Amino acid sequence: MRKLEQLVFDNTFARLPEAFHSRLCPTPLPAPYLVSFNPAAAALLDLDPAEATRAEFAEYFIGNRLLPGAEPLAMLYSGHQFGHYVPQLGDGRAILLGEIRNSAGEHWDVQLKGAGPTPFSRNSDGRAVLRSSIREYLCSEAMHGLGIPTTRALCIVGSDEEVFRESIETAAVITRLSPSHVRFGSFEVFYYNDQHDSLPVLADCVIAKHFPHLSDAPDKYVRFLNEVVTHTARLMAQWQAVGFSHGVMNTDNMSILGLTFDYGPFGFMDAYDPGYVCNHSDYHGRYAYKQQPQIGHWNLSCLAQALLPIMPVEAAKAALESFVPAYTERYRELMGRKLGLTQTSAEDMPLINTLLEIMHAGHVDYTNLFRSLSRFNSAAGEKNTLLRDQFTDRAAFDTWAESYRARLQRETGTDAEREVRMNQVNPKYILRNYLAQNAIAQAGQGRDFSEVDRLLALLKHPFDEQPEMESYAAPPPDWARHIEVS
Ligand code: AMP
Ligand code: MG
């Protein structure tokens with residue numbers, strides 16, 4: 001375990017040519033205080049968790065002091081936002097401190113989000129507010145707990161400095177960890193700026209670090225694209241299966257590693273609704289829940305376009321064509337597992353889809369329904385009243401339950417074994433908007449961050465029964481049914 005000053009930096013991105021980034025230091029903020037610290041993420045850096053109790057900790061992770069070995073920079077990228085190309089984005093408020101190499105040989109980018117203006121800030125303040133920092137912090141760790149690839153979060157440090165949004169809020173910096181912050185847009189910027197020579201430089205850097213098995217392949221770029229397609233397809237399937245909406249699936253928010261990335265107005269669905277739009281600025285529902293797989297595919301086509309200077313067009317097309325089968329297979333497998341099936345085939349899709357349809361019609365809570373489905377009693381004639389009562393159309397449930405019972409007869413093993421299996425894939429606890437909202441409201445009252453820590457601990461183990469936390473599995477109370485986030 002290391003002290004803060006002993007962390008081992010190995011800054012590979014900083015060694016890329018100047019065109020890739022802009023070097024600068026974070027802008028200090030007054031009187032920083034620790035909001036929350038995540039020991040699980042500290043372990044990724046070999047950082048001694050006791051270091052969080054030092055006064056310097058907040059100074060380092062709000063950007064007032066620089067860790068020895070850090071080479072801070074803002075990364076360049078562009079991207080397609082809501083379907084339109086935006087030529088220059090880049091880190092407008094995030095500063096990459098550098099990469100820490102841990103004792104397992106892993107590299108972790110350490111990025112301060114909200115650390116002040118950069119050359120890419122485009123007249124904005126370069127800040128993040130405490131509210132959105134808490135949301136990203138909790139959600140990235142919740143996704144990790146759910147087994148969904150994501151960036152991680154080390155800590156939040158706050159300051160009473162005012163930040164002007166729709167109302168006056170206070171500033172905070174979240175320290176984000178990721179194996180890479182390279183986005184689809186990191187490639188697009190060089191394609192559209194006619195800096196095609198930079199494309200293989202970036203691709204080689206990403207391949208060397210993250211896809212080293214491809215390094216010597218003669219068609220390494222094509223294979224790299226194929227892997228990005230597969231990772232993204234699988235990520236989309238995981239989002240759909242858990243009922244997660246990202247909210248801003250612009251290509252600058254798409255991780256080249258297929259991680260859930262750049263948390264903003266995300267949301268977990270409460271009642272099942274394929275048309276669920278979590279971002280209230282998304283007027284046309286471009287990023288509605290049901291659209292996500294298609295948008296993932298569309299975003300990959302933007303990436304493929306940007307890579308055309310370094311690969312044959314036919315190869316790029318073939319890579320894109322692998323998206324639908326990769327997604328379909330993974331989604332089917334995940335949904336089958338949610339139903340407790342050990343093997344799922346295309347023939348099972350009507351069973352899955354019918355359940356979703358009657359859930360939609362009855363506004364049934366997505367997470368809780370699947371969690372309670374593990375208690376389905378497959379004995380003939382059993383009414384399964386607790387499940388049945390969650391639906392408005394009971395007759396439709398009875399019909400579906402008959403087909404489910406018939407399908408379960410083709411599984412080996414007992415109901416009890418299936419229950420154990422299902423509880424390992426159907427979470428009991430998710431980061432519902434109202435839970436995050438409660439933690440944010442409490443944080444705003446006299447610096448009480450205990451609810452943030454409580455949620456962090458809860459969501460680390462979303463599949464476990466945590467009896468003292470039972471109320472956190474409840475669907476939203478009336479006041480919170482229509483929380484809007486943008
Ligand atoms: P996002 O919607 O958070 O993914 O951000 C889109 C772009 O806007 C990125 O280039 C961000 O760096 C930039 N951006 C967002 N908020 C701010 C801010 N408060 N100050 C400067 N740049 C920002
Ligand atoms: Mg972004």
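Further up the page is the structure itself.
Residues numbered from 1 in each chain as written. Chains lettered and ligands numbered in written order. Predicted model: local features only at pLDDT ≥ 70, side-chain atom pairs only at ≥ 80, totals over all residues. Heavy atoms only, no water.

1. Structural notes on the overall build of the protein chain
What counts, and what does not: Helix numbers and strand numbers start at the N terminus; a helix is a DSSP run of H or I with at least 4 residues, a strand a run of E with at least 2. All radius of gyration figures rest on C-alpha atoms, and the globule criterion is 2.2 Å times the number of residues raised to 0.38. For every residue, the accessible area obtained with a 1.4 Å probe (protein chains only) is divided by the maximum for its type, and the residue is called buried under 20%, exposed over 50%, and partly exposed between those limits. Here the accessible surface of atoms and residues is derived via Shrake-Rupley with a 1.4 Å probe, and residues count as covered only by protein chains that are part of the display.
Along the backbone of the protein chain there are 16 helices and 12 strands. Taking 23 Å as the expected radius of gyration for a compact globule of 486 residues, we find that the protein chain reaches 23 Å, a close match to that expectation. Once the C-alpha set of the protein chain is aligned to its principal axes, its extents read approximately 70 × 60 × 45 Å. Burial analysis of the protein chain (486 residues in total) assigns 58% to the buried set. When the accessible surface of the protein chain is totalled, it reaches about 19,600 Å², and 52% of it is carbon and sulfur.

2. Examining the packing of aromatic side chains
So the rule is basically this: Classification of ring pairs rests on two measures: the distance between centres of Phe, Tyr or Trp rings, Trp counted by its six-membered ring, which must be within 6.5 Å, and the angle between planes, read as stacked under 30 degrees, edge-to-face over 60 and tilted in between.
This model, assessed by the stated rule, comprises 23 aromatic pairs. Centre to centre, the rings of Phe187 and Phe224 are 5.9 Å apart; their planes meet at 45 degrees, and the pair counts as tilted. Placement of Phe187 in helix 4 (residues 184-192) and of Phe224 in helix 6 (residues 220-242) is noted, with a sequence separation of 37 residues between them. Across this residue pair, the class does not change: Phe187 and Phe224 are buried.

3. A short note on the coordination of the magnesium ion (ligand 2)
Basically, it comes down to this: For Na, K and Ca the donor cutoff is 3.2 Å, while for all other metals N, O and S atoms must lie within 2.8 Å; water is not among the atoms, so some sites may look incomplete.
Here the magnesium ion (ligand 2) is held by Asn253 (OD1) and Asp262 (OD), and the distances to it run 1.9 to 2.1 Å. An identical accessibility class is assigned to Asn253 and Asp262; each is buried.

4. Some points on the environment of Val229
Condition: Residues count as neighbours in contact if any of their non-hydrogen atoms are within 4.5 Å of one another.
Among the structural elements, Val229 can be located in helix 6. Given the relative accessible area of 0%, Val229 is considered buried. Measuring from C-alpha to C-alpha, the distance between Val229 and Tyr289 comes to 19 Å, with 60 residues separating the pair along the chain. Sequence-distant contacts of Val229, that is, excluding residues within four places in its chain, are made with Leu300, Ala319, Ser322 and Phe323.

5. A look at the nonpolar core
Going by this rule: As used here, the term nonpolar core means buried Ala, Val, Leu, Ile, Met, Phe, Trp, Tyr and Cys residues forming a set that is joined through side-chain atoms within 4.5 Å.
Membership of the largest hydrophobic core comes to 161 residues, with the highest contact counts inside it found for Phe61 and Phe187. Ranked by the residues each element gives to this core, the list is headed by helix 6, at 13 residues.

6. As for the pattern of salt bridges
Formally: Any carboxyl oxygen of Asp or Glu that lies within 4 Å of a side-chain nitrogen of Lys or Arg is treated as forming a salt bridge with it.
Taken as a whole and judged by the stated rule, the model has 36 salt bridges. The salt bridge partner of Asp204 is Lys220, with a shortest N-O separation of 3.1 Å. Remark: Lys220 occurs in helix 6 and Asp204 occurs in helix 5 (residues 198-210); sequence separation between them is 16 residues. For Asp204, a relative accessible area of 29% puts it in the partly exposed group. Shared partners join several salt bridges into a network, and the residues in it are Asp91, Lys113, Glu136, Arg176, Arg183 and Asp262.

7. With respect to empty space enclosed by the protein
Definition in use: Only protein atoms enter the calculation, which uses a 1 Å grid: trapped sets of points that fit a 1.4 Å probe without letting it out are cavities, open sets showing protein on both sides within 12 Å along at least five of seven lines are pockets, and any residue with an atom within 4 Å of a point is a lining residue. Grid points are joined across faces, edges and corners, and a volume is the space filled by probe spheres set on the points. Residues are grouped as follows: Ala, Val, Leu, Ile, Met, Phe, Trp, Tyr, Cys and Pro are nonpolar; Asp, Glu, Lys and Arg are charged; every other residue, Gly included, is polar.
All chains considered together, the criterion is met by 2 cavities of 30 Å³ or more. Space inside the largest cavity adds up to approximately 60 Å³. Every residue lining the largest cavity is listed: Phe13, Met75, Glu99, Asp109, Pro179, Ser180, His181, Val182, Cys205, Val206, Lys209 and His210. Top contributing element to the lining of the largest cavity by residue count: helix 5, with 4 residues. For the lining of the largest cavity, a count of residues per class yields 6 nonpolar, 3 polar and 3 charged.

8. Some thoughts on the layout of surface pockets
Taken as a whole, the largest pocket spans an internal volume of roughly 1,300 Å³. Elements that contribute at least two residues to the lining of the largest pocket include exactly strand 8 (128-129), helix 3 (130-145) and strand 10 (168-178). When residues in the lining of the largest pocket are grouped by element, the largest group, 5 residues, is from helix 3. Among the residues making up the lining of the largest pocket, the classes are represented as 13 nonpolar, 17 polar and 17 charged. Looking at the second largest pocket, its volume works out to about 540 Å³.

9. Re the site of ligand 1
Our working definition: What makes a residue near a molecule or strand is one non-hydrogen atom of that residue sitting within 4 Å of it. Polar contacts, as counted here, are pairs of nitrogen or oxygen atoms within 3.5 Å of one another; within protein the pair requires one atom able to donate a hydrogen and one able to accept it, and residues that are adjacent in sequence qualify only if both atoms are side-chain atoms.
Among the 17 residues in the neighbourhood of ligand 1, the closest are listed as Gly90, Gly92, Asp125, Gly126 and Asn253. One nitrogen or oxygen atom from the main chain of Gly90 is found 2.7 Å from an oxygen atom belonging to ligand 1. The contact in question runs from an oxygen atom of ligand 1 to an N or O atom on the side chain of Asp262, over 3.3 Å. Compared with its free state, where it exposes 470 Å², ligand 1 has 81% of that area covered by protein. Taken together, the residues of the shell around ligand 1 sort by class into 2 nonpolar, 7 polar and 8 charged.

10. Some points on the packing of helix 3 against helix 15 (residues 433-443)
Going by this rule: Only the contacting stretch of a helix is used when fitting its axis, a line to C-alpha atoms as for every element, and angles between N-to-C directions run 0 to 180 degrees. Reported orientations rely on four angle classes, namely roughly parallel under 35 degrees, roughly antiparallel over 145, roughly perpendicular from 65 to 115, and oblique for the rest. A crossing counts as left-handed when the near helix is turned anticlockwise from the far one by less than a right angle, and as right-handed when that turn is clockwise.
Remark: helix 3 packs on helix 15, axes separated minimally by 10 Å, with the N-to-C direction vectors making an angle of 135 degrees. Considering their axes alone, helix 3 and helix 15 lie oblique with respect to each other. Crossing of helix 3 over helix 15 shows right-handed handedness. For the pair formed by helix 3 and helix 15, the contact residues are Leu130, Arg131, Ile134 and Arg135 on the first element and Asn433, Ala436, Ile440 and Ala443 on the second. Of the residues belonging to the contact of helix 3 with helix 15, the class tally is 5 nonpolar, 1 polar and 2 charged.

11. Quick look at the pairing of strand 2 (residues 33-37)
The side chains of a regular strand alternate, first on one face of the sheet and then on the other. Spelled out, the test is: In this scheme, strands are said to pair when DSSP sees at least two bridges between them.
In terms of residue burial, strand 2 counts as a mostly covered element, since 4 of its 5 residues are buried. By the bridge criterion, 4 bridges tie strand 2 to strand 9 (residues 152-164) in an arrangement that is antiparallel. By the bridge assignment for strand 9, Phe37 is matched with Cys155.

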